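Structural overview
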Amino acid sequence: MDSDLIRKNGVILGMSGGVDSSVAAFLLKQQGFDVHGISLLTSPLGQTGLEDAQAISRQLGIHWEMIDVQDIFRDIVIRDFVDAYTHGRTPNPCVLCNPSIKFNVLSQAAERLGCQHIATGHYAQVKTIPDTGRLALAKTEAGLKDQTYFMYRLPQMVLARLIFPLAGMTKPDVRQIAEKAGLLGTYGDPVAAKPDSQDNCFVPGTSYVDYLRQQLEQQDHDALRLFQEGPVVNMSGQHIGTHKGLVHYTLGQRKGFSVQTTERLFVVGRDYATNTLVVGPHEQVMFDRIRVVDPVYSGLSSISSGERLDARIRNSAKEVPCTVYPLDSGSLTVEFDHPVSAPAPGQSCVFYRDGLIMAGGYIAD
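Cut-offs and rules
Residues numbered from 1 in each chain as written. Predicted model: local features only at pLDDT ≥ 70, side-chain atom pairs only at ≥ 80, totals over all residues. Heavy atoms only, no water. Helix = DSSP H or I, 4+ residues; strand = E, 2+ residues; numbered from the N terminus. Rg over C-alpha atoms; globule rule 2.2 N^0.38 Å. Buried < 20%, exposed > 50% of the residue type's maximum accessible area, 1.4 Å probe, protein only. Areas by Shrake-Rupley, 256 points an atom, 1.4 Å probe, with all protein chains shown as cover. Lys, Arg positive; Asp, Glu negative; His and termini not counted. Charge placed at Lys NZ, Arg CZ, Asp CG, Glu CD. Pairing = 2+ DSSP bridges. Contact = heavy atoms within 4.5 Å. Axes fitted to C-alpha atoms, helices over the stretch in contact; angles between N-to-C directions. Left-handed = near helix turned anticlockwise from the far one by under 90°. Nonpolar A, V, L, I, M, F, W, Y, C, P; charged D, E, K, R; others polar. Core = buried A, V, L, I, M, F, W, Y, C linked by side-chain atoms within 4.5 Å. Expected span 1.5 Å × (residues − 1). Arc of directions from axis to C-beta. Parallel < 35°, antiparallel > 145°, perpendicular 65-115°, else oblique.

Assigned secondary structure in the chain consists of seven helices and 18 strands. Here the C-alpha atoms of the chain give a radius of gyration of 22 Å, agreeing with the 21 Å that 2.2 N^0.38 yields for 365 residues. Within the chain, buried positions represent 51% of all 365 residues. Summed over all atoms, the accessible surface of the chain reaches about 17,300 Å², with 48% contributed by carbon and sulfur. Side-chain charges of the chain comprise 33 positive and 39 negative groups, with the mean position of each set lying 3 Å from the other.

Here you go:
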């Protein structure tokens, strides 16, 4: 990169081609930053978004490049996605991708190009804990669009460089800015009208099950048995129906299986040895205690025994007050003030205090 493109106020911006990162680019340039857009190609599905990111960059007059991360994305994110589902866990690819790939690659680009800052179009902000000086992601006014949960595993060194231009905004705010700025995609389509991105950017359509089957067939994997129909039993072990393959079900699910009863039933367990789905009443998926493994720390450098925090067990869930107890193994026991519904192994439990992320980890089996 030519030295005249390296500025003291340089910022690496992750660009997906969507409305959020496009508006982030527009705002950063307005604020006087020397913006260098980076788009990560994680799978063939992302090609159209990259073309839009390039078009936006050209329109705004900012530098742009694409980095192909398909190999590492496949080795880390897709492999974990397949492994989790075939072992009865519910993965969250974004939680793994953010620290391992997305922000790691953006940080490397910042070092290579001499940029001080990293930015994305996430709905989040970074705040400093007054007493300790530690950094923590803080929730914003974005409501359900708040994305702090997905980034809880980011280390302090990354948080120190982060800028979130959309902090304090809502999705309608962002779309309005894109419309007024006249931001256009590759074929002249208004970026303001682009639909929200899907959760799993590498899965075609909406069926993760079809994608899993395709991946497992390529590996000649014995986990293909998870797609076979099998019995549904109640809590007493009575055969009451049929399921369409264990891979279709997660803890707490109440649809997708056929039973000979009018009782309202939920998935409470899966017996992989016998290909059996176990269902029961809702109280069977309510938990007042879970174990969290592989924790990372943000606003707190550690958790004291009996620490009072608020826990979110999935991105769409409300936070629940809890008490946390560290174990000698490094994992955490979490006791909720009120039982929570279907904490799925493989998902993350993220701990907040006053809207700031203190720590988080994976829900254990």
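Let's shift gears to the sheet that holds strand S3 (residues 63-68). Ordered by their spatial adjacency, five strands build an open sheet running S3-S2-S1-S4-S7, and the pairing between neighbours is parallel. This sheet does not close on itself; its edge strands, each paired only once, are S3 and strand S7 (162-163). Both strand S2 (residues 34-41) and S3 contribute to a ladder of six bridges, which runs parallel. By the bridge assignment, Gly37 is partnered in S3 with Trp64. Docked against the sheet, helix H1 (residues 19-30) engages strand S1 (10-14), S2, strand S4 (117-119) and S7, running at close to 170 degrees with respect to S1. Set on the sheet, helix H4 (residues 93-113) makes contact with S1, S2, S3, S4 and S7; between it and S2 the angle comes to about 140 degrees.

Take the sheet that holds strand S9 (residues 239-243) next. The five strands lie next to each other as S10-S9-S8-S12-S11, forming an open sheet whose pairing is mixed. Unpaired on one side and paired on the other, strand S10 (258-259) and strand S11 (266-271) mark the two borders of the sheet. Pairing of S9 with S10, which is carried by two bridges, proceeds in the antiparallel orientation. Each bridged residue has a counterpart across the sheet, and for Thr242 the counterpart in S10 is Ser258.

Regular strands place their side chains on alternate faces of the sheet. Inspection of the sheet shows strand S13 (residues 286-297) paired to strand S16 (residues 332-341) by six bridges, in the antiparallel sense. Each bridged residue has a counterpart across the sheet, and for Arg289 the counterpart in S16 is Glu335. Between strand S15 (residues 320-326) and S16, which pair antiparallel one after the other, the connecting turn spans five residues, and Gly330 there sits at a positive phi close to 95 degrees.

Here we come to the packing of H1 against helix H6 (residues 171-181). Packing of H1 against H6 brings their axes to within 9 Å, and their N-to-C directions diverge by 60 degrees. Between H1 and H6 the crossing geometry is left-handed. Facing Val19, Asp20, Val23, Phe26 and Leu27 of H1, the residues of H6 in contact are Lys171, Val174, Arg175, Ile177, Ala178 and Ala181. Residues that form the contact of H1 with H6 fall into these classes: eight nonpolar, no polar and three charged.

For the rest of this paragraph, the subject is the nonpolar core. Formed by 59 residues in total, the largest nonpolar core has its most connected members in Ile12, Phe81, Leu162, Phe202, Leu212, Phe257 and Leu277. Top contributing element to this core by residue count: H4, with 10 residues. Residues in contact with Leu277, not counting those within four places in the same chain, are Pro231, Val232, Val233, His243, Leu246, Tyr249, Phe257, Val267, Gly269 and Arg270. Judged by nonpolar contacts, the second largest core, of 25 residues, contains Phe26, Leu27, Leu28 and Ala119.

For helix H7 (residues 208-219), with 12 residues, the first-to-last C-alpha span of 17 Å sits near the 16 Å given by 1.5 Å per residue. Among all positions of H7, only Tyr208, Val209, Tyr211, Leu212, Gln215 and Leu216 are buried. One face of H7 carries all of its buried residues, which in axial projection span an arc of 160 degrees. The outward face of H7, more than 90 degrees from its buried face, is lined by the exposed residues Asp210 and Gln218. Where H7 is buried, its residues touch helix H3 (70-86).

Now for the packing of H3 against H7. Running from N to C, H3 and H7 cross one another at 100 degrees; their axes reach a closest spacing of 11 Å. Considering their axes alone, H3 and H7 lie roughly perpendicular with respect to each other. Contacts between H3 and H7 involve Ile78, Phe81, Val82, Tyr85 and Thr86 from the former and Tyr208, Tyr211, Leu212, Gln215, Leu216 and Gln219 from the latter. Residues belonging to the contact of H3 with H7 are distributed by class as follows: eight nonpolar, three polar and no charged.

Limitation: the analysis is restricted to geometry and does not speak to function.
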